[in-house]
Amino acid sequence: MFTTFEVAEICDVTPVTIQNWIDKGWLRAYRTPGGHRRVRKEALLSFLESRDIPHPFADKGGVPRVLIVNGDQGLADSIKEALSFDEPRYEVQVAHDGFRAGVLYSTSHPDVVILDLNHSSVDGYEVCRQIKQSEAGGETCVVALGGVDGDERKRILDMGAAHCLPKPVDAVGLRSLVKEAVINRWRPA
C-alpha cells in the first residue's frame, strides 16, 4: 500500500495531483478510517500501465525485498513482524549468520539489509563491507543496529551503511527508514 505522498514520489508529481487523479477516478484508492487515501500496488501498476507511463516496478522483480541479518532469532522475528505490520507486500528473508546472509544477499539482491552489529554469530561490519563491495551493493540500503558507541557508529557509516540505530530497536522508526529506502530505491531515475 502507498500513501498519496509515496505515489507522488513514484510518479514525480505533487500529492495534490495524485489526490485529483483519485477524485477523478483515474487512480483507484481507498480511505483509511482516519480519512487518508491509500493506493494498492496493483491499482498503481494498472494506472501506470494503462497510460503507458514507465515505472520502476517492472525492473525490480515485483516486490520490495528486505534481508534481516541477526543472530538473535527472537529479535529477527520481531523485526520481520514489525515490517509486515503495515507493509505486507515486502518479501522479508532472515539470516542468522554471515554465511547465510551472503547466500541470501547474492540470490535475492534485497533493497534493504537490516544488520545487527553486536551478535556473536554475525560480524556485521564484515557483512556490510562485503555488501558494499559487491556489484549491486551501491543500490542496497544498509540499516545497522547496535552502534551506540560513537566509534562503532562512525565505522559502520564509513563502510557504507545508510543508518545506524541503537538497540533496543524502535520499530516505528525502523519501519519508517525501511519504507523511505524502498521508495527511494524504486523511484524512477
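The model shown is predicted, which means the values in this text are computed figures rather than measured ones.

(A) Region of the structure containing the pairing of strand 4 (residues 65-69). Extensive coverage of strand 4 is indicated by the burial of five of its five residues. Side chains R65, L67 and V69 of strand 4 all project onto a buried face; the interleaved residues V66 and I68 project onto the opposite face, where all are buried too. When strand 4 meets strand 6 (residues 112-116), the two strands line up parallel, connected through four bridges. Looking at the pairing, L67 lines up with V113 of strand 6.

(B) View of the nonpolar core. With 19 residues, the main nonpolar core has L67, V69, V113, L115, V142 and I156 as its most contacted residues. Of all elements in the fold, only strand 4, helix 5 (98-108), strand 6, helix 6 (124-133) and strand 7 (141-145) reach the threshold of two or more residues within this core. It is helix 6 that contributes the most residues to this core, four residues altogether. Setting aside residues up to four positions removed in sequence, V142 forms contacts with V113, L115, C128, I131, K132, A161, A162 and H163. Among the nonpolar cores identified, the runner-up in size contains 18 residues, and C141, L174, V178 and A181 belong to it.

(C) The side chain of D111, seen in detail. With respect to the secondary-structure elements, D111 resides in the loop between helix 5 and strand 6. Among the polar contacts listed, one links the side chain of D111 to the backbone nitrogen of R65, at a separation of 2.7 Å.

(D) The packing of aromatic side chains, seen in detail. Under the counting rule described, the total for this entry stands at one aromatic pair. Each ring, one from W21 and one from F47, has its centre 4.9 Å from the other, and the planes form 40°; the classification is tilted. Of this pair, W21 sits in helix 2 (residues 15-23) while F47 is found in helix 3 (residues 41-50), placing the two residues 26 residues apart along the sequence. The ring of Y125 is capped by R155, whose NZ or CZ atom sits 3.8 Å from the centre of that ring.

About the cut-offs
Residues numbered from 1 in each chain as written. Predicted model: local features only at pLDDT ≥ 70, side-chain atom pairs only at ≥ 80, totals over all residues. Heavy atoms only, no water. Buried < 20%, exposed > 50% of the residue type's maximum accessible area, 1.4 Å probe, protein only. Helix = DSSP H or I, 4+ residues; strand = E, 2+ residues; numbered from the N terminus. Pairing = 2+ DSSP bridges. Core = buried A, V, L, I, M, F, W, Y, C linked by side-chain atoms within 4.5 Å. Contact = heavy atoms within 4.5 Å. Polar contact = N/O pair within 3.5 Å; in protein donor to acceptor, adjacent residues only side chain to side chain. Phe/Tyr/Trp six-rings, centres within 6.5 Å; stacked < 30°, edge-to-face > 60°. Lys NZ or Arg CZ within 6 Å of the ring centre and 35° of its normal.

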